[in-house]
Each structure stands twice: as C-alpha cells, then as structure tokens.
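The chain contents come next:
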Amino acid sequence: MKKNKENKKKKEKKKISAKRTWQNNLFALREVGKASPIYLAVYLGATVVYGLLGFFTGAYLLREIVNAVEAGEDLSGLVIYVAVFMTVSVLAYLAISWFWNVISPKMEEKISLRIQKKLFQKASEVELACYENPSFYDKYVRAMDEAQNRVYQVLNTLDTLLGHIITTSANSFLLFFIDPWLMVFALFPLLLGFLKKRESKINHDWAVARKTTERRVWYVQRTFYLNDYAKEMRIGGIYRLMLRDLRGSYRTFRDLTHKYGWKMTALSTLRHIGLDVLTVFGATLYAVWSAMCLGPEGGGMSVGDCVVVIGSIATVSYSLNYIVDTLTQFHEHALFLEDVRYFLDYEPKIVGGERRAPEDGGELRVEHLSFRYDGAEKDTLEDISFTLGKGERLALVGSNGSGKTTLVKLLLRLYDPKEGEILLDGVNIKEMTLDSYRERFGTVFQDFKLFSMSVRENILLREPREGDDELVTQALKESGAYERVMRLPKGLDTVLTREFDDQGANLSVGEQQKLSLARVFAEKTPFVILDEPSSALDPVAEYTMFENMMRATEGRSVIFISHRLSSAVLADRVLLLDEGRIAEIGTHEELMRKNGKYAEMFARQAENYLGSEVTENE
Ligand code: ADP
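Residues numbered from 1 in each chain as written. Predicted model: local features only at pLDDT ≥ 70, side-chain atom pairs only at ≥ 80, totals over all residues. Heavy atoms only, no water.

Chemist: Looking at this structure, I do not really get the overall build of the protein. What am I missing?
Modeler: Helices and strands together make up the secondary structure of the protein, namely 20 helices and 10 strands. The C-alpha extent of the protein, read off along each of the three principal axes, is 120 × 60 × 55 Å. In the protein, the proportion of contacts linking residues at least 24 apart, taken out of those at least 6 apart, comes to 74%. With an accessible surface of roughly 33,300 Å², the protein has 58% of that area assigned to carbon and sulfur atoms. Looking at the protein, you have 80 positive and 83 negative side-chain charges, and the mean spots of the two groups are 5 Å apart. (Helix = DSSP H or I, 4+ residues; strand = E, 2+ residues; numbered from the N terminus. Contact = heavy atoms within 4.5 Å. Areas by Shrake-Rupley, 256 points an atom, 1.4 Å probe, with all protein chains shown as cover. Lys, Arg positive; Asp, Glu negative; His and termini not counted. Charge placed at Lys NZ, Arg CZ, Asp CG, Glu CD.)

Chemist: Please clarify how the sheet that holds strand 9 (residues 573-578) should be interpreted in this entry.
Modeler: In any sheet, the strands associate via hydrogen bonds between backbone groups, in a parallel or an antiparallel arrangement. Here we have 6 strands laid out as an open sheet, ordered 6-7-8-3-9-10, and mixed in their pairing. Strand pairing shows two members of the sheet lacking a second neighbour, strand 6 (441-444) and strand 10 (581-586), which therefore form its edges. Pairs of neighbouring strands in the sheet enclose a mean axial angle of 15°, with direction left out of account. Looking at chain direction, strand 3 (residues 393-397) and strand 8 (residues 557-561) are connected through 4 bridges and run parallel. Of the residues in strand 8, the one forming a bridge with Leu396 is Ile561. Relative to strand 8, helix 18 (residues 539-552) is tilted by about 160°, and along the sheet it contacts strand 3, strand 7 (527-531) and strand 8. (Pairing = 2+ DSSP bridges. Axes fitted to C-alpha atoms, helices over the stretch in contact; angles between N-to-C directions.)

Chemist: When you look at the packing of aromatic side chains in this model, what are you seeing that I'm missing?
Modeler: By convention here, two paired aromatic rings are described through the distance between centres and the angle between planes. According to the stated counting rule, one finds 29 aromatic pairs in the structure shown. Ring geometry for Tyr43 against Trp100: centres 5.3 Å apart, planes inclined by 75°, an arrangement best described as edge-to-face. Taken together, the residues span a long stretch of sequence, with Tyr43 in helix 3 (residues 37-56) and Trp100 in helix 5 (residues 76-125) at a distance of 57 residues. Residue classification places Trp100 among the partly exposed positions, given a relative accessible area of 27%. Here a set of aromatic residues connected by ring pairs shows up, and it is made of Phe136, Tyr137, Tyr140, Tyr342, Phe343 and Tyr346. Lying across the ring of Phe253, Arg210 places its NZ or CZ 4.2 Å from the centre. Positioned above the aromatic ring of Tyr482, the side-chain terminus of Lys477 is 4.9 Å from the ring centre. (Phe/Tyr/Trp six-rings, centres within 6.5 Å; stacked < 30°, edge-to-face > 60°. Buried < 20%, exposed > 50% of the residue type's maximum accessible area, 1.4 Å probe, protein only. Lys NZ or Arg CZ within 6 Å of the ring centre and 35° of its normal.)

So far we have only geometry, and geometry alone does not tell us how the molecule works.
Put into structure tokens, the structure is as follows:
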C-alpha cells in the first residue's frame, strides 16, 4: 500500500507543467547570459546569419537560376548576386570561426565555472543527512552530472530552433508564393509533434531508470581503480562478487532496453512514416502533377517552381519536424534541470544564526540531547547531558555503536538534535553563524581524508600565508610526522598521492593519521575533537602521540574518543556511553572506585594487554 503511494508520488513528480518547462529552460539561458552575455548574443546571432545565408544561396538562388534559364534571360545580374553572397559568406564564416576557436573557449570556461561554483557551494551547505536520503542523493548526483551539460544543451536547442525557424519561414514563404496549397503538406509534421513528445518522455524515464544502476556500476569501477580498495580487491574473492554485481547491473540495463527500446522503435517509426511518406512524397507528387498536367498556362507550376518545391518541401517539413523536436527537447531539458533547480533551491536545514561564536571558546554544555537518524527505528542518543569546562579534556568511551561519533557530529552541528540543546558560553549554538562556530573546532575524524594537495595545504586546510611554514613544522613535530615529511622529495611541498604528481607521496595509514592530527596542532582552535586518532598507530606511537597531544593542547578543551582505555587515564574526566545513554561520567579514579561498567571494561582491556605481553615474553 505504502509502496503504491510512493510509486504514485514518483510518477506525479516526473510531470512538469508547461510554465515550469519554460522557467527551467530560461533558468539555463539566464545562467549563460549572466556569465557571458556576449557569448549568448554571438551564439544566437551566428545562427541567424548562417540561416539567412543558407536560404539566399540555396533554394532562392536555385529558383532564380532555373527560372532565368527557362525564360532565356541574361544571367549577369545573378553572377553579381552570387559574388556578393560569396564575399559576405567568406567574411561571416571567418568572423564566426575566429569567435568559436579563439574567444568562445574562454567564455565557456567562465560559464562552466559559474555553474560549478553554484553547485559546489550548495553541496558544501547541505546537511549530512541529505547524503543518507537516497531520493535526495539520486537527485543530487543527477544535478551534479547534468547541470553543466544541460545548460549548453538548452542553448544548443534554442540555437537549432532559431536556425530552423529561419529556414522554415524563408522556405515556407517561397512555397506559399508558388502555391498556397503546398502549406497543407508543409504543416503536416506539426501533427506528429505529440509522438515526439511521447518519445522524449520515454527517453527521460529510461535515463532516470538507469541512474541508480549506473551509480552501482561507477561504484564497482571505483573499487577496481581506487587505491583505497586495492588491497582488499587482491585478497579473497571480493572482486568476483564485484564482477557478479557488474553483471547484474548490465542485466538491469538489458531489461530496461527491452522495456523502453520497443516503445521507442514503434513511436519513431510511426513518426518517420508520417514525415517521409505522407509529407515529402505527397508534396513531390502534387508538384509533378501540377507542372506536368496543368503547366503554367493551366494555373500550375513552372518546371523551375516544381524543382524548388521538390527541394524545399523536404527542407520545410524536416525543419518543422525539428522545431517540434526542439520543443520536446526543451521539455526533456526541463525535466533534468528540475533536479538541478531542486538542488540549488534546496534550503539547508542546518543554518546558522547571527551571532559570532566567542573567539576563545568557553564552556560547552549539552542539555537533554536526543537524536535519531532519518529512517532509524530508535534514537541513537537519548537524554545526554554533560558540561565540558573551558580547557577540560574529556575522554569519550564506549563500545562500538554506542553513539560516540554521533555525539561528536552533533557537537559540530553536522546534525541537529531531535530534542535538547547545546550551549556555548550559555548561548544556544543555533544562534551562532555556522562558520564561526565550526571554526572554533580542530577535528580529526576516524575516517579522515587527505587531499591531493601539498602537505602544507593538507595541514593548514586553507591558503598558506607568510610564516606558516614554522607553524606547520611545529605541528608536524607534535604529531610525530615531521621526520617522515622531511624525507619526502619536496618536504612540505610534496603533493599527497601520486595521482597527479610523479613525485607525490603515498603514505601509510599511520603516517596519514599523524598528518591529519597535525591539523589540530597547527590551528590553535579553542576546541579539539579527536575521533579515534590513534586507531592506526602501534601502542608505542600511540602513547607518544597522546603525550604530545596533551602537551600541545594545553589550555584547550579536548574531547577524544579512543578505543584503548589506557589513554582515558590522561583525560580530566571520562564519559562512558552505552547504547546512546550516559552510563557513567567522572574522573578515571572516581569511575574505578565506583567499580561499575567502566572499571570492568578497563580491567578487561588491561588483562588483554597483560595477556599479550605474557605471550610475547614467553
Ligand atoms: P560509535 O562511534 O560509538 O561507534 P556511532 O555514533 O558511529 O557509534 O553509531 C551509533 C549508532 O548509530 C550505530 O548503531 C550506527 O549504526 C548508527 N548510525 C551511525 N551513523 C548512521 C547514519 N548515518 N545513519 C543511520 N544510522 C547511523
């Protein structure tokens, strides 16, 4: 029942009103016009010039020549006519070609950059929850994929439309002038428009139906070429499963081709029969009958007119057909641009307030906070309340899935709580601007990412400034990555990964983690959040890292998640989460004395370590 409703909703959404069709296409043209009005004007202007030249050197000239020859007239006037048009054509083609090859690439870059900037800006604003909503995510991927191309396609379609309007008008005028009855044949293709509209709708549905499977194919492709998956893909049989997936995806494509291909064949065959058989052959037979049976004396056509009709009727009917075609293409563009506009018009749910977050941080208070992921059946966090004093170090511990990372994401306002609030210096963080609030945090996520940029930029995460090298060097020393970086061919200038630079560096996961850790040492933010910063380090490196971290974050408020409870000893207080609730909170000593869950976990881990040491010593 629910599924039926959803399907119905989906179907409804695919429809788009005529008004919205034009609005969406105008949106694309406006984008081009705003980025480069000259480009838009020359693009369309060139078509008008080409169209007129085509007519005056084509059908019109042909008629003049045949009629002049038939009447035995002097051809010198025609020679001048041809010479003038040849000169104009050469000059026009030269100017337009210069524009296309020298000027327009620069303008196209401006247009592309404008569109990409808009999309990327929005992508950085939408909340993380959007990535977990498959319907939004599909729209988002389609918008990213299509936006740039579609904008050019709209322009291209408009250009084609303009060209065909000129060709059709000029040739129709000629045909009407020869014999008004020819208009019946010329206008017939308009009746076939509905078939084309149907084809365009099927085309769009087909493309949409392919999209999810295409994403799956891209995913499989990524697992085969991305470094991240290289090791797993070489051990075990996962690559066979991936190939199985790939075969499945292609089976889906085949089924879709079967579903939509036949419909498309039927519609386009019908349309072409209408166009070629009824229009072109019909008009040709009529013209031949008129010239042969009636002749000019009997009110029929001259041989010259008959020749022009045979040449022009196809031009007119195909041009008219293209006009209908372009109208339906606008409809197709509008359907895709709908996703782009939906995405660009999306109002992010997590927005900042007016106030700037205090420069030096302050007390962070979490009050009765509960949170549930979209679509989840129960709350991930329930009634969480605690205070992080200024300069306090809090260890966040708990088993996997207890909600530690989720709590961190809420503290960073990557999600907003369902209930409760977070206060910084007594002010709800929703009242503060997002940028100023998030800037107060230096964060290393468990699944941190390094970028294909220099070591320096990867640590600063901003444009480097004068004197930054000292800062970066110090941060690298504190995170324990300094010596490794100094051994790299270009030191701080070394680009990470070899994807774009032969001299780039591929670092081990532990080394990468140290680099990402250097980020929080370089920027002295009042808050530091470390989500399992030591997961890839060996125990000795981990101990050194935590010692360094304690020294380097002196005076800053720190929340760190660590799977090794031995490091929790270094924190001022420990917060133990259990199934989304605070199970215990207090200093290490207090919790050990309490002899509750934390003490039990601590003892178990210590036992394991001791156990492994015993085994090693044996
Ligand atoms: P921890 O960091 O303690 O291991 P997490 O905060 O990552 O725990 O996860 C807590 C719970 O929330 C887990 O059950 C996890 O499956 C669920 N969860 C985490 N991220 C998402 C998400 N994006 N969507 C839905 N559920 C999620």
